[in-house]
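A look at the structure
Given next are the chains, with one letter for each unit.
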Amino acid sequence: MGEVIQLSMLETIVQEGARHYLPILTASENQKGVLDVDTVKGCTLGMRSEPNGGCYNDCYAAKTAKRYGIDFSVSVSRKLYPWNRRTVFHAIKDFPASWYRIGTAGDPCHDWDNTLEVMEAMHGTGKQAVIITKHWIPLSGGHIARLRKLDAVVNTSTSALDTDAQTKYRLAQISRLKWFGVESVNRVVTCDFGTTEWGIERRRKQDYLLSILPMIDNPLRTSKSDMRVLSGDINVTRIDDAVGGGKFVSLHDSSVYLGTCKGCPDQCGAKK
């Protein structure tokens, strides 16, 4: 959510009349300065949950995929092979940040086995892996044990826009990871909610989510034509110098950072 995703024709393959992501792992820097090492591209369960645009009906990765004619509802596992392993390894090792990200244009939960295999293969780079997930498919106990050994950081996406059942489940995953000694971050997709009855209720829920630490505030990026904006449920502000995901941001706190990763104080929860 909110990331700039750049695609190459080499990243996709046409299958049965639809374009899908290639099942080959790559490491590439996007416009925000994220080193994207997505072990999965696409999000089957997220799109199934909200068919009209993905999560919150406004998934930027889904919109980007649609613009390129890619079926984002098909999750594709991106694999390491003998011929691309060295390239990916050195791309991570030589990147100036101390971490790399898994979960920019797809949820790695769709293939935890592949995600862990990639992280184990890249552990020798000395860079910390940051995973962004909604836990559509939960981690097994074995997966968590491997994550702990790898010193990974897991960002669990939450939001007042989620259903109560989704919120309860994702907060349980945050606590579960902490219990087992994995660095666990609450990544809240926030909004500047309006004064409608719905907006007031959601604001209360958001205040609660923001109190669960460690926390990263990730404002929703949407358009001024969004029905929730037109109805007054959500307010948006035009931020011309914002990086990633459009210029209209639902900014509940003007101090939230909207620049590139290099200057971000959060660093996705990775060790500084």
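Described below are features of the structure shown in this document. (Residues numbered from 1 in each chain as written. Predicted model: local features only at pLDDT ≥ 70, side-chain atom pairs only at ≥ 80, totals over all residues. Heavy atoms only, no water.)

1. Section: the environment of Lys41
The line we're drawing: For helices the rule is a DSSP run of H or I covering at least 4 residues; for strands it is a run of E covering at least 2, with both sets numbered from the N terminus onward. Buried, partly exposed and exposed residues are distinguished by accessible area as a fraction of the type maximum, computed with a 1.4 Å probe on protein chains only: under 20%, between the cut-offs, and over 50%, respectively. Contacts between residues were defined by any pair of non-hydrogen atoms, one from each residue, lying within 4.5 Å. In the analysis that follows, any N or O atom pair within 3.5 Å is treated as a polar contact, provided that within protein one partner can donate a hydrogen and the other can accept it, and provided that, for residues neighboring in sequence, both atoms belong to side chains.
With respect to the helices and strands, the residue Lys41 is situated in strand β5 (residues 40-41). Relative accessible area serves as the criterion here: at 5%, Lys41 is assigned to the buried category. Spatially, the C-alpha atoms of Lys41 and Tyr100 are 16 Å apart, while their sequence positions differ by 59 residues. Residue contacts for Lys41: discarding those within four places in its chain leaves Tyr21, Asp36, Val74, Ser75, Val76, Arg78, Ala105 and Gly106. Polar side-chain contacts of Lys41 include one of 2.7 Å to the side chain of Asp36.

2. Observations concerning the packing of aromatic side chains
Stated formally: What counts as a ring pair is set by centres within 6.5 Å for rings of Phe, Tyr and Trp (its six-membered ring), and what kind of pair is set by the plane angle: stacked under 30 degrees, edge-to-face over 60, tilted for all other angles.
All chains considered together, the criterion is met by two aromatic pairs. Measuring from centroid to centroid gives 5.9 Å for Tyr81 and Trp83, while their planes differ by 5°, and the two rings are stacked. Classification of Tyr81 by relative accessible area gives partly exposed; the value is 31%. Judged by its relative accessible area of 57%, Trp83 falls in the exposed class. Consider the rings of Phe193 and Trp198, whose centres lie 5.7 Å apart with planes at 70°: the pair is edge-to-face. Since its relative accessible area comes to 2%, Phe193 is described here as buried. Trp198 gets classed as partly exposed once you look at its relative accessible area, which sits at 27%.

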